[in-house]
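This is what each chain is made of:
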Amino acid sequence: MSEFVIVVDFRIKPGQTAAFRKLIDENARASVENETGCSRFDVCADRKDPDRILLYEIYDDRAAFDAHLKTPHFAVFNEKSAPLVAGKSVMECDLVCEGSAA
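Now for a description of the structure that goes with this document. Note that the structure is a prediction, hence the values are computed from the model and not measured.

A few words now on the side chain of His73. Note that His73 resides in helix α3 (residues 72-81). A polar atom in the side chain of His73 sits 3.3 Å from the side chain of Ser31. Side chain to side chain, His73 and Thr71 meet in a polar contact 3.3 Å long. Excluding anything up to four places from it in sequence, His73 contacts Asn27, Ala30, Ser31, Glu35 and His68.

Take a look at the structure:
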């Protein structure tokens, strides 16, 4: 396995989660539908903290992720979501074991 995984933990400013979700959901759908190198883009909401959103994205490789960062839909998301975000952390990973049954 050589897939490249990005995990992003967003802290959203209070009262801004609905607006952020609209933007990130559009970005996630466009990524999977329009980018051949993006196989998964999940948006997860913390059950205990409504202002925390976690992303789990799988790309064929680092080059596919770099291409994602240059797409028009990412540019729109990045620009419009920046004022809604209080903080974020990003973790870059290699997918070493896929637990799903094939």
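Now that the structure is up, let's keep going.
A separate point is the pattern of salt bridges. Tallied over the entire structure, the rule returns eight salt bridges. Between Arg11 and Asp49 there is a salt bridge whose closest N-O contact spans 3.3 Å. Residue Arg11 is located in strand β1 (residues 4-12), and its partner Asp49 is located in the loop between β2 (38-45) and β3 (52-59); the two are separated by 38 residues in the primary sequence. You can call Arg11 partly exposed: its relative accessible area is 37%. Its relative accessible area of 24% is what places Asp49 among the partly exposed residues. In this structure, the salt-bridge partner of Arg21 is Asp25, at a minimum N-O distance of 2.7 Å.

Here we come to the sheet that holds β1. Hydrogen bonds between backbone groups are what pair the strands of a sheet, and the pairing can be parallel or antiparallel. On the basis of which strands lie adjacent, the open sheet formed by four strands has the order β2-β3-β1-β4 and antiparallel pairing. Each edge of the open sheet is held by one strand with a lone partner, namely β2 and β4 (85-94). Sheet twist, expressed as the mean angle between neighbouring strand axes with direction ignored, is 15 degrees. Both β1 and β3 contribute to a ladder of eight bridges, which runs antiparallel. The residue of β3 that forms the bridge with Val5 is Ile58. This element, helix α1 (residues 17-34), spans β1, β2, β3 and β4 of the sheet and lies at about 165 degrees to β2.

The rules behind each value
- Residues numbered from 1 in each chain as written.
- Predicted model: local features only at pLDDT ≥ 70, side-chain atom pairs only at ≥ 80, totals over all residues.
- Heavy atoms only, no water.
- Helix = DSSP H or I, 4+ residues; strand = E, 2+ residues; numbered from the N terminus.
- Polar contact = N/O pair within 3.5 Å; in protein donor to acceptor, adjacent residues only side chain to side chain.
- Contact = heavy atoms within 4.5 Å.
- Salt bridge = Lys/Arg side-chain N within 4 Å of Asp/Glu carboxyl O.
- Buried < 20%, exposed > 50% of the residue type's maximum accessible area, 1.4 Å probe, protein only.
- Pairing = 2+ DSSP bridges.
- Axes fitted to C-alpha atoms, helices over the stretch in contact; angles between N-to-C directions.

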